[in-house]
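Residues per chain are reported as follows:
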Amino acid sequence: MAGHDDSSVSEKKSNDISDLPTFNVENMQSNMKVIYYSRTFMSIIGGVIAGVLGFTSLMGFIFYFLVMAITSVGLAAKAGFSVHSYFDSWNRIILDGFLGGLMSFVLFWTFAYDMVHIF
Amino acid sequence: MKLGFFVGVLGVLLLSHAAYSTIQYRALLKITEDEFTGAPIHVIGELILGLVLCLWAGLTVPGKFLSILPDSDENRVVSLSSNMDFMIFNHRGRAFPAAIDLKLK
């Protein structure tokens, strides 16, 4: 059928063919990779800032969630707030990968805290 | 893309300068035997500025968002590749309604 070729894959979810939520999976995976890179980088930067400011225990984790919330807002703004033309649901931008950067955050947090306050 | 990269490098440099300022501030506190209650104001301002720059770089450098709607302008396929031996058209895409009124680009 004209308009489809081998490299773009569509996904069918319901029975009625005229209003299927089909989307281009390859672009969607590329978008998910962009989100993952952005979140990882912001976790690292947040870790360095938490270490320099001298946050300990609970304050540090609260700061991590704050940085992740700011990143979520930034990603939503990058998608122009019309999330449905780039992702299939809001959860992808807001919740996906939220805890994935936690280990990187703690690593750079302890590293920066050690460099600035202890050594 | 390159501008975003340099903005990110600038943000990281600001953060390392803020870290160095805090180390010097702590050395000063050790001399006066005070406690570390919080970073000085200019260091906090520098950290916020570095965070904003790195946020901007972290959002623009990894790449653009690509549209996933199959009928948006950039997802249209208007010509087939020339290797026709392995192309089949007898797949599930037959079931989609044809958009016959679209013009060629």
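These notes cover the structure that comes with them. Remember, it's a predicted structure, so these values are computed and weren't measured experimentally.

1. Notes on the overall build of chain B
So, point 1. Check the secondary structure of chain B and you find two helices and zero strands.
So, point 2. The dimensions of chain B, computed from C-alpha atoms along their principal axes, are 80 × 25 × 25 Å.
So, point 3. By residue count, 30% of the 105 residues in chain B fall in the buried class.
So, point 4. Residue pairs in contact within chain B that sit at least 24 positions apart in sequence constitute 69% of those at least 6 positions apart.
So, point 5. Accessible surface for chain B amounts to roughly 7,700 Å². Of this, 65% is attributable to carbon and sulfur atoms.

2. Let's talk about the nonpolar core
So, point 1. Formed by 35 residues in total, the largest nonpolar core has its most connected members in Ile49(A), Phe63(A), Phe87(A), Ile93(A), Leu47(B) and Phe65(B).
So, point 2. Every element with two or more residues in this core is listed here: α1 (25-53), α2 (57-78) and α4 (102-118) of chain A together with α1 (2-32) and α2 (41-60) of chain B.
So, point 3. For this core, the element with the highest residue contribution is α1(A), accounting for nine residues.
So, point 4. Apart from the residues within four sequence positions on either side, Phe87(A) is in contact with Met28(A), Asn31(A), Met32(A), Ile35(A), Arg92(A), Ile93(A), Phe65(B) and Ile68(B).

3. Considerations on the interface of chain B and chain A
Accessible area lost on assembly of the parts is the figure often given for the size of an interface.
So, point 1. Taken residue by residue, the interface counts 35 residues in chain B and 39 residues in chain A.
So, point 2. Summed over both sides, the interface between chain B and chain A buries roughly 3,700 Å², with carbon and sulfur atoms accounting for 73% of that surface.
So, point 3. Broken down residue by residue, the surface that chain B buries against chain A is led by Phe65(B), Ile68(B) and Phe96(B), which jointly contribute 24%.
So, point 4. At the junction of chain B with chain A, the criterion picks out zero salt bridges.

4. Concerning the packing of α2(A) against α2(B)
Relative orientation and spacing of two packed helices are given, respectively, by the angle between their axes and the distance between those axes.
So, point 1. One can describe the packing of α2(A) onto α2(B) by two numbers: an axis separation of 10 Å at closest approach and a directional angle of 50°. Here α2(B) runs oblique to α2(A), going by the angle between their axes. As for the relative orientation of α2(A) and α2(B), their crossing is right-handed in sense. In this structure, α2(A) contributes Ile70(A), Thr71(A), Gly74(A), Leu75(A) and Lys78(A) to the contact, and α2(B) contributes Leu55(B), Leu59(B) and Thr60(B).

Thresholds applied
- Residues numbered from 1 in each chain as written.
- Chains lettered and ligands numbered in written order.
- Predicted model: local features only at pLDDT ≥ 70, side-chain atom pairs only at ≥ 80, totals over all residues.
- Heavy atoms only, no water.
- Helix = DSSP H or I, 4+ residues; strand = E, 2+ residues; numbered from the N terminus.
- Buried < 20%, exposed > 50% of the residue type's maximum accessible area, 1.4 Å probe, protein only.
- Contact = heavy atoms within 4.5 Å.
- Areas by Shrake-Rupley, 256 points an atom, 1.4 Å probe, with all protein chains shown as cover.
- Core = buried A, V, L, I, M, F, W, Y, C linked by side-chain atoms within 4.5 Å.
- Buried area = accessible area lost by both parts, 1.4 Å probe.
- Salt bridge = Lys/Arg side-chain N within 4 Å of Asp/Glu carboxyl O.
- Axes fitted to C-alpha atoms, helices over the stretch in contact; angles between N-to-C directions.
- Parallel < 35°, antiparallel > 145°, perpendicular 65-115°, else oblique.
- Left-handed = near helix turned anticlockwise from the far one by under 90°.

Scope: geometric values only; no functional claims are made or implied.
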